[in-house]
Amino acid sequence: GQNIDQPTEMTATEGAIVQINCTYQTSGFNGLFWYQQHAGEAPTFLSYNVLDGLEEKGRFSSFLSRSKGYSYLLLKELQMKDSASYLCAVRGRDDKIIFGKGTRLHILP
Amino acid sequence: DTGVSQDPRHKITKRGQNVTFRCDPISEHNRLYWYRQTLGQGPEFLTYFQNEAQLEKSRLLSDRFSAERPKGSFSTLEIQRTEQGDSAMYLCASSPDTGNTIYFGEGSWLTVV
């Protein structure tokens, strides 16, 4: 079976750093995605990890450990516009892409 | 605009009616995905295509749902005899063969009354 777990909600303060975790169990692994989704809008691509380690892209970084079935998305210097849902998704051996339920991030001023 | 486009963006229909959504992927993207999303949930996988071949259809989908991609370009998702539980946003996404990024359309909102 396939399962992707991430926290339902998180709250952080403007200017701070937040880490959103994702654990997965899937039939095969061909990469992990992070997407940002604002309410009522389509998801937008943030990152893709296929090898272990940290990928940094501006204020956002994503980490992957394939042996642990674990990833996190790190958001630095939080801004109010970062209030959104963050979706973890895994591409299996068959190239099917399955999403987690998403983490709603609330940013407080 | 060369992104993924979906049509219609909003559809209100009476229970029991059929609806069809269209998706035009990014040109030359071989892979096309359909997802359904309800409030507070992540996108739920429905089906996906490699060119015109439908590779998998979710077991969660009843026989009322059918998708096609006849020429390997645009795709349609049809829902027959709609039910109130079908109310959701239907998302289409496409990716190249490398698959390291998938691009979503703006989604088609369905309300069944």
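Note that this is a predicted model, so its numbers are computed, not measured.

Draft legend 1. Structural view of the overall build of chain A. Along chain A, the regular secondary structure elements total zero helices and eleven strands. Taken against the 2.2 N^0.38 rule, which gives 13 Å for 109 residues, the C-alpha radius of gyration of chain A at 13 Å falls within 12% of a compact globule. Taken over the C-alpha atoms alone, chain A extends approximately 40 × 30 × 20 Å along its principal axes. Out of the 109 residues in chain A, the part that is buried amounts to 50%.

Draft legend 2. Looking closely at the environment of His10 of chain B. All names here are of chain B. Following the sequence through the fold, His10 ends up in strand 2 (residues 10-13). The class of His10 is exposed, set by a relative accessible area of 57%. C-alpha of His10 to C-alpha of Ser108: the two residues are 98 residues apart in sequence and 5.6 Å apart in space.

Draft legend 3. Representation of the state of the cysteines. Taken as a whole and judged by the stated rule, the model has two disulfides over all chains. With its sulfur 2.0 Å from that of its partner, Cys22 of chain A forms a disulfide with Cys88 of chain A. The sign of the S-S torsion, about -70 degrees, decides the handedness of the disulfide formed by Cys22 of chain A and Cys88 of chain A: left-handed. Note that Cys22 of chain A is positioned in strand 3 (residues 18-25) and Cys88 of chain A in strand 9 (residues 84-91), a separation of 66 residues in sequence. Its relative accessible area of 0% is what places Cys88 of chain A among the buried residues. For Cys23 of chain B, the disulfide goes to Cys92 of chain B, at an S-S distance of 1.9 Å. Between Cys23 of chain B and Cys92 of chain B the disulfide shows an S-S torsion of about -70 degrees. By sign, it is left-handed. Here Cys23 of chain B is found in strand 3 (residues 19-24), whereas its partner Cys92 of chain B is found in strand 9 (residues 88-95), with 69 residues between them in sequence. The exposure class of Cys92 of chain B is buried, given its relative accessible area of 0%.

Draft legend 4. Just the sheet that holds strand 3 of chain B, in detail. Residue and element names in this part refer to chain B. Read from one edge to the other, the open sheet built from four strands follows the order 1-3-8-7, with strand pairing classed as antiparallel. Among the strands making up the open sheet, the edge pair consists of strand 1 (5-7) and strand 7 (65-68). Strand after strand, the sheet turns through a mean of 15 degrees between neighbouring axes, direction not considered. Judged from the three bridges that link them, strand 1 and strand 3 form a sheet pairing that is antiparallel. Its bridge partner lying in strand 3, Ser5 is registered against Asp24.

Rules used in this analysis
Residues numbered from 1 in each chain as written. Chains lettered and ligands numbered in written order. Predicted model: local features only at pLDDT ≥ 70, side-chain atom pairs only at ≥ 80, totals over all residues. Heavy atoms only, no water. Helix = DSSP H or I, 4+ residues; strand = E, 2+ residues; numbered from the N terminus. Rg over C-alpha atoms; globule rule 2.2 N^0.38 Å. Buried < 20%, exposed > 50% of the residue type's maximum accessible area, 1.4 Å probe, protein only. Disulfide = S-S within 2.5 Å. Pairing = 2+ DSSP bridges. Axes fitted to C-alpha atoms, helices over the stretch in contact; angles between N-to-C directions.

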